[in-house]
Amino acid sequence: MLLEGKVAVVTGASRGIGRAIAEDLAAHGAVVVVNYNASSEAAEEVVAVITSQGGTALAVQSDVSQFDQAQALIKTTLDRYGQIDILVNNAGTTCDKLLMMMKEQDWDMVLDTNLKSVFNCCKAVARPMVRRKQGGRIINISSVVALVGQAGQANYAASKAGIIGFTKSLAKELGSRQITVNAVTPGFFPTALTAVLPEDAVETSREFIPLGRWGQLPEVAYLVSFLASEKAAYMTGQVISVDGGLAM
Ligand SMILES: NC(=O)c1ccc[n+]([C@@H]2O[C@H](COP(=O)([O-])OP(=O)(O)OC[C@H]3O[C@@H](n4cnc5c(N)ncnc54)[C@H](OP(=O)(O)O)[C@@H]3O)[C@@H](O)[C@H]2O)c1
């Protein structure tokens, strides 16, 4: 199998895109740590699904926006499985408001959850990955909004654009150790995050997507599994859109 013998940590894997990624990594043979912050039942359900299909998974609570908790997530994984080959920074949130309505805490909460979490988890995993001398894969989930902007999402767009600069910088820092760092920019996918969009906004969004539809969760998950595999060993610092052509 593509990821046999690999250990993966997926942040925010209790539902949505993170869940799809966790399940796909496990289906390709990886042991998967299913991180969540609040949704313990949902995370245990993901573990149960993976286990019932013959895979190995463990749910670990950690608010990855908090430096110490991200450190604990990585330590728990290393204590349990002895290695981390793949880190997928997927945890994310929104707090959409026009700038004139946006409060300082709306900015801080989104930046901490979406961007600081990526720093926190990469910081925790980089040293153990380098020391192990087996290379590694870091995949950061950004957004199409980082590339094109969106009214009402200045905080979200800034966090996701920050991920792109961070990804390219870290790719340069870790390249000589055969640790690849790539970013994925999804377009529109049906999850709790996008369920809040009004129906007319959903309709309008389709008009701007060359493929004329929203993505399906396996369509982003398989890209991540590919990037996590040996087959993507010569790709690093890349920003790969999976958005039906929306941002081109
Ligand atoms: N859906 C889309 O169309 C779309 C498009 C572009 C990019 N994205 C990105 O894809 C990622 C996943 O989004 P989604 O649509 O799947 O969202 P979602 O369904 O709302 O899931 C978000 C996940 O992140 C977790 N999470 C949130 N804050 C966390 C924290 N501080 N620590 C740990 N886990 C945390 C949630 O777990 P708890 O409930 O336990 O907190 C949940 O598992 C996000 O980074 C998002 O920005 C999504």
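For the structure, check the block above.
The structure reproduced in this document is the subject of the present report. All residue numbers here refer to positions counted from 1 along the written sequence of the relevant chain. Note on the predicted model: pLDDT of at least 70 is required for a residue's local features to be given, and 80 or more for side-chain atom pairs to be given and counted; whole-chain, interface and lining totals, by contrast, use all residues. Only hydrogens and water are set aside; all other atoms, that is, all heavy atoms of the structure, feed into the side-chain values.

1. Brief notes about the site of the ligand
Here's step 1: Around the ligand, 31 residues are found, and the nearest of them are Ser14, Ala38, Ser39, Tyr156 and Thr191.
Here's step 2: Under this definition, polar contacts are N or O atom pairs within 3.5 Å; protein pairs additionally need one hydrogen-donor-capable and one acceptor-capable atom, and for neighbouring residues in sequence, both atoms have to be side-chain atoms. Backbone polar atom of Gly12 to an oxygen atom of the ligand: 3.2 Å apart, as the coordinates give it.
Here's step 3: At a separation of 2.7 Å, an oxygen atom of the ligand approaches a polar backbone atom of Ala38.
Here's step 4: Only the protein chains shown count as covering a residue, and every accessible area follows the Shrake-Rupley method with a 1.4 Å probe. In isolation the ligand exposes 890 Å². Once the protein is present, 94% of that is buried. The near set for a molecule or strand comprises every residue that places at least one heavy atom within 4 Å of it.

2. Some remarks on the environment of Ala228
Here's step 1: Starting at the N terminus, helices and strands are each numbered in turn, a helix being any DSSP run of H or I of at least four residues and a strand any DSSP run of E of at least two. Mapped onto the elements of the fold, Ala228 is located in helix H8 (residues 217-228).
Here's step 2: Judged by relative accessible area, Ala228 falls into the buried class, the value being 3%.
Here's step 3: Along the backbone, Ala228 and Leu3 are 225 residues apart, and their C-alpha atoms lie at a distance of 7.8 Å.
Here's step 4: The contact rule is simple, with two residues in contact once any of their heavy atoms fall within 4.5 Å. When sequence neighbours within four positions are dropped, the list of residues in contact with Ala228 reads Leu3, Leu25, Ile86, Arg137 and Ile139. Think of it in three bands: with a 1.4 Å probe and only protein chains considered, a residue is buried below 20% of the maximum accessible area for its type, exposed above 50%, and partly exposed in between.

So yeah, pure geometry; function would need other evidence.
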